[in-house]
Amino acid sequence: MAETALRGGCYPSGAHASGNKWHALVTDDVSEMLGTGDRGLDDDEAARRLDRFGPNQLPEAPPTPAWVVFARQFRSPLIYILVAASAVTLLLDEHVDAAVIAFVLLLNALIGFVQERKAETAVRSLMRLVVPRAHVVRSGRELEIDSRELVPGDLVILEPGVRVPADLRLTVTNGLQVDESLLTGESVPVTKQTEPVPEDAPVADRSDMAYMGSVVTSGRGRGVVVATGASTELGAIAELIRSEEAPETPLQQKMGAFARMVGVVVGVASVVVFASGVALGGAVDEMFLTAVALAVAAIPEGLPVAFTITLALGVRRMARRNAIVRRLPAVETLGSTTVIASDKTGTLTENRMTVEKIWAGGRFYRLQTAGGGQPEESAGGRPDEPGVGGWLDDNGPVALEEHDGLRLTLLCGVLTNEAEMRRTDGGIETTGDPTEVALLLAAATAGMDPARLRARHLPVAEIPFEPERRYSAALRSSDGRHVVYVKGAAETVLDMCTRMLVDGSAEPLDRRLVERVAHQMASEGLRVLAMARLELDEPLADPREFREPGGLVFLGLQGMIDPPRPGVPEAVASCRSAGIRVLMVTGDHAGTAAAIARQIGIADESDEVVTGAELDGLGDDELRDRVEKVSVFARVSPEGKLRIVRALQELGHVVAVTGDGVNDAPALKAAAIGVAMGRGGTDVAREAADMVLADDNFVSIAAAVEEGRVTFGNIRKVTFFLVSCAAGTIAAITYGVWAGWPLVMLPAQLLWLNLVTNGLQDVALAFEPGEKDVMRDPPRPLREGVVSRLLWERAALAGLVMAIGTLALFRWELDATGSLERAQTVALTTMVVFMAFHVGNARSDRRSAFRVSPLSNPFLFVATVAALGVHVASLYLPPTQFVLRVEPIEAAAWVRIVAVASTIILAVELHKLVRSPRLGRHTRLRRHTPS
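The residue numbers shown here count from 1 along each chain, following its written sequence. Confidence filtering applies because this is a predicted model: local features only for residues at pLDDT of at least 70, side-chain atom pairs given and counted only at 80 or more, and all residues used for totals across whole chains, interfaces and linings. Calculated side-chain values reflect all of the structure's heavy atoms, with hydrogen atoms and water omitted.

Some words on the overall build of the protein
For the protein, the count of helices and strands is 32 helices and 28 strands. Sequence-distant contacts in the protein: of pairs separated by 6 or more residues, those separated by 24 or more amount to 73%. For the accessible areas, the method is Shrake-Rupley and the probe is 1.4 Å, while residue cover comes only from the protein chains on display. On the protein, roughly 38,500 Å² of surface is accessible, and the fraction owed to carbon and sulfur atoms is 56%. Numbering goes from the N terminus for both helices and strands, where a helix is a DSSP run of H or I of at least four residues and a strand is a run of E of at least two. By the convention used here, residues are in contact when the closest approach between their heavy atoms is within 4.5 Å.

Observations regarding the environment of A518
Relative to the elements of secondary structure, A518 occurs in helix α17 (residues 511-523). Note on classification: 1.4 Å probe, protein chains only; a residue is buried when its accessible area is under 20% of the maximum for its type, exposed when over 50%, partly exposed between these limits. For A518, a relative accessible area of 11% translates into the label buried. On a C-alpha basis, the gap between A518 and A490 in space is 7.2 Å, while along the polypeptide they are 28 residues apart. Apart from residues lying up to four places away in sequence, A518 is in contact with A490, V528 and L557.

Description of helix α14 (residues 434-445)
Structurally, the α-helix is built with 3.6 residues per turn, so residues lying three or four positions apart point the same way. How far a helix is expected to stretch is found by multiplying one less than its residue total by 1.5 Å. Here α14 contains 12 residues, and its C-alpha end-to-end distance of 16 Å stays within 8% of the 16 Å for a straight helix at 1.5 Å per residue. Here α14 lies mainly inside the structure; 11 of its 12 residues are buried. All of the buried residues along α14 are T435, E436, V437, A438, L439, L440, L441, A442, A443, A444 and T445. Just beyond α14, the residue with positive phi is G447, at close to 90°.

Comments concerning the packing of aromatic side chains
Only Phe, Tyr and Trp rings are paired, with Trp represented by its six-membered ring, and only when their centres lie within 6.5 Å; those with planes under 30 degrees apart are stacked, over 60 edge-to-face, the remainder tilted. Applying the stated criterion to the full structure yields 4 aromatic pairs. With 6.4 Å between their ring centres and 40° between their planes, W359 and F554 make a pair best called tilted. Taken together, the residues span a long stretch of sequence, with W359 in strand β10 (residues 354-360) and F554 in strand β22 (residues 552-561) at a distance of 195 residues. With respect to class, W359 is no different from F554; both count as buried. Aromatic pair W741 and F810: ring centres 6.0 Å apart, planes at 20°, arrangement stacked.

Focus: unusual backbone geometry
The backbone of S139 sits at a positive phi, close to 55°, despite the residue not being glycine. Among the secondary structure elements, S139 is positioned in the loop between β1 (133-138) and β2 (141-146). Residue S139 is classed as partly exposed on the basis of its relative accessible area, which comes to 25%. Phi at D503 is positive, roughly 50°, even though this residue is not glycine. In this fold, D503 is placed in the loop between β19 (497-502) and β20 (505-508). Overall, D503 belongs to the exposed group, its relative accessible area being 60%.

Considering helix α19 (residues 590-600)
Residues of α19 that are buried: T592, A593, A594, A595, I596, A597 and I600. In this structure, the buried side of α19 is in contact with β22, α18 (568-577), β23 (581-585), β24 (609-611) and β25 (632-634). Immediately downstream of α19, the backbone of G601 shows phi near 90°, a positive value.

Section: the confidence of the model for the protein
Every residue carries a pLDDT, the predictor's confidence in it, which falls somewhere between 0 and 100. Overall, the prediction assigns the protein a mean pLDDT of 81, with 83% of residues at 70 or greater. Considering each helix and strand of the protein separately, the mean pLDDT is smallest for helix α1 (residues 2-6), with a value of 47, and largest for helix α31 (residues 891-901), with 96. Low pLDDT, under 50, characterises residues 370-389; the stretch is placed with 53 contacts to residues that sit more than four places away or in other chains. Taken as a whole, residues 917-931 scores under 50 in pLDDT and shows 20 contacts with residues more than four places along the chain or in a different chain.

Notes on the pattern of salt bridges
Within this document, salt bridges are pairs made up of a side-chain nitrogen of Lys or Arg and a carboxyl oxygen of Asp or Glu, the two lying within 4 Å of each other. On inspection of all chains with the given rule, the structure shows 44 salt bridges. The shortest N-O distance in the salt bridge between R598 and E605 comes to 3.4 Å. On the basis of relative accessible area, R598 is assigned to the partly exposed category, the value being 27%. A relative accessible area of 66% means that E605 is categorised as exposed. The partner of R624 in a salt bridge is E650, and the shortest N-O contact between them spans 2.5 Å. Residue R624 is located in helix α21 (residues 620-627), and its partner E650 is located in helix α22 (residues 638-650); the two are separated by 26 residues in the primary sequence. For E650, a relative accessible area of 53% gives the class exposed. Taken together, the salt bridges that share partners define one network made up of E813, R822, E887, E890 and R896.

Let's talk about the packing of helix α27 (residues 789-817) against α31
Two numbers describe how α27 lies on α31: the axes approach to 10 Å, and their chain directions differ by 160°. On the basis of the axis angle, α27 is roughly antiparallel to α31. Once α27 is placed against α31, the crossing between them reads as right-handed. Here α27 contributes G805, L809, W812 and E813 to the contact with α31, which in turn contributes A893, R896, I897 and V900. Under this grouping Gly is polar, as are all residues other than the nonpolar Ala, Val, Leu, Ile, Met, Phe, Trp, Tyr, Cys and Pro and the charged Asp, Glu, Lys and Arg. Classifying every residue of the contact of α27 with α31 gives 5 nonpolar, 1 polar and 2 charged. Whenever a helix is involved, its axis is fitted only over the stretch in contact; in every case the axis is a line through C-alpha atoms, and angles between N-to-C directions fall within 0 to 180 degrees. Each angle is binned into one of four classes, with values under 35 degrees roughly parallel, values over 145 roughly antiparallel, values of 65 to 115 roughly perpendicular, and all other values oblique. In a left-handed crossing the near helix is turned counterclockwise from the far helix by less than a right angle, and in a right-handed crossing that turn is clockwise.

If you want it as structure tokens, here you go:
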């Protein structure tokens, strides 16, 4: 039977991926089909199966070949235009010009290539951080092996804290609970059992299975491996995600549209110059060369390099803030984001339960280090002795010896607990159910040492937690006395109690009071557990007689929550001030989600919470209406999260999505930018994402948004500078041709102007530190291109001023000296100086150039001085004089040039003064209006 089941290296029919039927079989049939039993496989058979099925690991997407990454850098309409320009100049035997353009293209490709390869390497190293181990039975012996060596038929042992290493059909369970959130989105651990379930049961309802990637939170169990690697449920979803194509980013769309527009404008301008020049009597070959040179000069070939460098710098700044960008355009996309749909657990919160409030002895205590504090040693010497800990009442820090109710409540949480806590050189390490870990840390915060307390109160018998029971109990022996300790749901524990501890003495139970307090704590989003104890009159003779206890003394309530990460409220506030909505989309309970949302500023008391069940009942139109008004979605399935993302996109939003599980991958892929978790996330989520957070922290997302906005701002500055300079060049040449003048600048001079002078300054603009108030602006309207309407207006004004100034000095010099070469030299130099002044205007679209320190971007300062220096040198060096046909100019001409060129500052300053306030009003009006 086993040989039939495994024949040919295949699983039984329907035994893998979505067709898995193992959950419908009884355990004996599973063991028989896979040729295994209580002793597991023998080593030889395991080796044969490993050879047949291969290692138990998800197939890692092969690294993108280097040549593909390199070729990808040329996929831009602007690059296509430059390639064409290079080809034309080559045909015209302008080999130097062709070589310069080719160098620009190569430099751009190399920068993008290096950055993408570095990002891919960083993400892959994150994926290899952990090599999980598996506890198996082979030949009757328990072994720990590399989980990659698991094969179908292996018998795996599951314990608290273990990550399930393959798909298992469970054969033994003892209070086994498994967190399957990475696969199903269900944040509450699922209770497991061994009885078969119906064939058509969905993955979330297969209670007799444990799936690869899930985590054991409590209890123990055993299971037979029925699927490994790509044949697991995790592998099936991973393959589905890898087949999806990532959408084009907003920046890629905008740059494509910009490049097409530039191509059309430059093409039309070149044709007009050529045709009009010939019509007015110019030589055909001279006019053709002029038109080509004008096209090459007008095309901002420095833009691809500056664009790539700007993105690369943004990537580097983001990496310093724990955000690893996998694809360069994603840098800017995050800056364009209008909505962030964030997970709660691990992103907004710390992903560890923390007891934050205790009600004991009739009074409340709160955690002094709530929201992220670690347990501290007691100030009283020995850690298990009463001392001043991290708990406060209304009067300040408390001493445990003066607060019996608090001490016994904490003690009960330690003794009815299977979690473990160890102190190491690096801090505190814990294993076990998050709830029980929280109880241990609550006691340790007060200076109690769980290990010593357990050694002093020895276990006699226990009743493990079961969902049906809703409590757990432990019988402990200390100094010859037997004491029963119970923890569980408040209503269940109260049914066992007759008295309660008040101010150190037992009084009749006031059930209504306790229920009222428990309800109050639950309304704050806390998960509430009740604690009780009973000291037996005589030790229990036979521990097997330990049954459900009664007549207990109620001790207190411990309220816990997964607290917000430090800095998250401030990060959410920063996003809100930037006009970005932050939504919480979680699989957790509505009450918990609402409480955390209120703490961090996503919602307030009056805001509605929509659950997954309500979401499923909404039509698409209703959903679009709700997502505009609701900020908290709880108990949401992966499909529901995807619907939310699509509804927001249909409303015109740029949506960023965070996620860590395989179930999040569809939404990560569908979003404009997917943000995966680097520590707690799955490899599948990381591969589906555009960006990976090294610290799993929402604060890093907010920081990345800021860097994204700075990056786009710099791209816009570079583009504005190049466009306005190109406009000035086109206007000057075109007017000169139409006026019947000699050529204002020669083709070689046009290329010199574009590739050598402003080619230094545009790249240096990429190093701008960014506007200080960038996070106070709303997201850009989606319809707005790389250059806004206001900046197009300003570019046209600047180009006109440059053209008029250049033409005026050209005519002056030509009329005064009669030397065409002298006039062309003055015209070229005037444009060079115009650009040196104008680059200061480009540093901010609102602030005056006089309010921006020239030393805040030392690269730009040096580049501007270098550009002027190179040009001045070209006027005096014989080789450049010969190539460019220029000559030295006298001091009086320099004075005229500087005086005329400086007018560009006055013109743009006036434009900023007149137009920027109007821009500000438009900004405020559209702050909360989707585009």
